[in-house]
Amino acid sequence: MQKRQYTNQYDLSKYSDAKIGVLSDTHSYINPKIAAHLADCDIILHAGDIGSFTVIKQLREICKDVICVCGNNDNAWQWHQGEHNELKTIPQIAEVSLAGGMIIITHGDEYYADYESWHTQLRENFSNAKAIVYGHSHRFVCDQSQQPWVLNPGAAGETRTQKHGVSCLHIYTDSQDWKVKEIRA
């Protein structure tokens with residue numbers, strides 16, 4: 001299998017304002033409550049451990065602008081053989097340009113040394129972003145204490161949903177102001 005492209009860039013600045021749905025760690029299944037929260041989004045971002053191309057198809061039925069990155073479980077031996085061509089097209093990192101700033105999407109596992117330094121490492125590596133979205137830990141995090149924001153939507157599937165259940169985020173953007181809404185379903 002060919003190595004996938006490391007970083008893809010997406011220009012979605014056509015949206016003067018946008019409602020962005022953010023999810024991660026579906027592991028081949030999107031909880032229907034999460035899917036319902038994504039229904040009216042302009043853009044959907046998936047921060048890895050997608051699990052199968054079926055998940056991407058489901059997201060594209062909800063929204064035409066879907067951007068995903070690979071997680072540590074998105075690999076040839078865990079995806080169905082018939083989906084390997086689609087898997088090759090998914091980058092490890094995505095840079096999404098929007099009105100008012102950029103969102104970086106990464107699964108985040110390659111930056112994990114210990115939980116305490118994770119956000120510091122992400123901020124150092126992606127200091128040009130307004131927000132960094134990551135997954136991997138299945139822990140819901142909305143750290144807006146400094147720029148760039150570091151956001152983890154938690155798990156949106158059935159795997160390791162922790163004691164709080166499934167979750168996702170909405171990011172509302174325009175050229176002047178961004179806001180984050182936490183969603184626990």
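Residues numbered from 1 in each chain as written. Predicted model: local features only at pLDDT ≥ 70, side-chain atom pairs only at ≥ 80, totals over all residues. Heavy atoms only, no water.

Caption draft 1: Seen up close, the overall build of the protein chain. Check the secondary structure of the protein chain and you find 4 helices and 11 strands. Here the protein chain has a C-alpha radius of gyration of 15 Å; the compact-globule value for 185 residues is 16 Å, and the two agree. Projected onto its principal axes, the C-alpha coordinates of the protein chain cover approximately 45 × 35 × 35 Å. The buried share of the protein chain, reckoned over its 185 residues, is 54%. Sequence separation of 24 or more characterises 55% of the internal contacts of the protein chain that already satisfy a separation of 6 or more. For the protein chain, the exposed surface amounts to about 8,600 Å²; the carbon and sulfur share of it is 43%. In the protein chain, the 17 positive side-chain charges and the 22 negative ones have mean positions that sit 3 Å from each other. (Helix = DSSP H or I, 4+ residues; strand = E, 2+ residues; numbered from the N terminus. Rg over C-alpha atoms; globule rule 2.2 N^0.38 Å. Buried < 20%, exposed > 50% of the residue type's maximum accessible area, 1.4 Å probe, protein only. Contact = heavy atoms within 4.5 Å. Areas by Shrake-Rupley, 256 points an atom, 1.4 Å probe, with all protein chains shown as cover. Lys, Arg positive; Asp, Glu negative; His and termini not counted. Charge placed at Lys NZ, Arg CZ, Asp CG, Glu CD.)

Caption draft 2: Here's a closer look at the nonpolar core. Counting residues in each nonpolar core, the largest one holds 24 residues, and the members touching the most others are Ile20, Leu45, Ile103 and Ile105. Secondary structure elements with two or more residues in this core: strand S2 (17-23), strand S3 (43-46), strand S5 (93-98), strand S6 (101-106), strand S7 (131-133), strand S9 (149-153), strand S10 (167-174) and strand S11 (178-184). Apart from residues no more than four positions distant in its own chain, Ile20 is found in contact with Cys41, Ile43, Leu45, Leu98, Ile103, Leu169, His170, Ile171 and Thr173. Grouped together as the second largest cluster of nonpolar side chains are 22 residues, Leu23, Ile44, Ala156 and Val166 included. (Core = buried A, V, L, I, M, F, W, Y, C linked by side-chain atoms within 4.5 Å.)

Caption draft 3: Looking closely at unusual backbone geometry. That bond from Gln147 to Pro148 is cis: its omega, -10 degrees, falls within 30 degrees of zero. Topologically, Pro148 is positioned in the loop between strand S8 (140-143) and S9. The phi angle at Asp25 is positive, at roughly 50 degrees, despite the residue not being glycine. Secondary-structure assignment places Asp25 in the loop between S2 and helix H1 (32-38). Positive phi values are uncommon outside glycine, yet Ser28 reaches one of about 80 degrees. Relative to the elements of secondary structure, Ser28 occurs in the loop between S2 and H1. Classification of Ser28 by relative accessible area gives partly exposed; the value is 40%.

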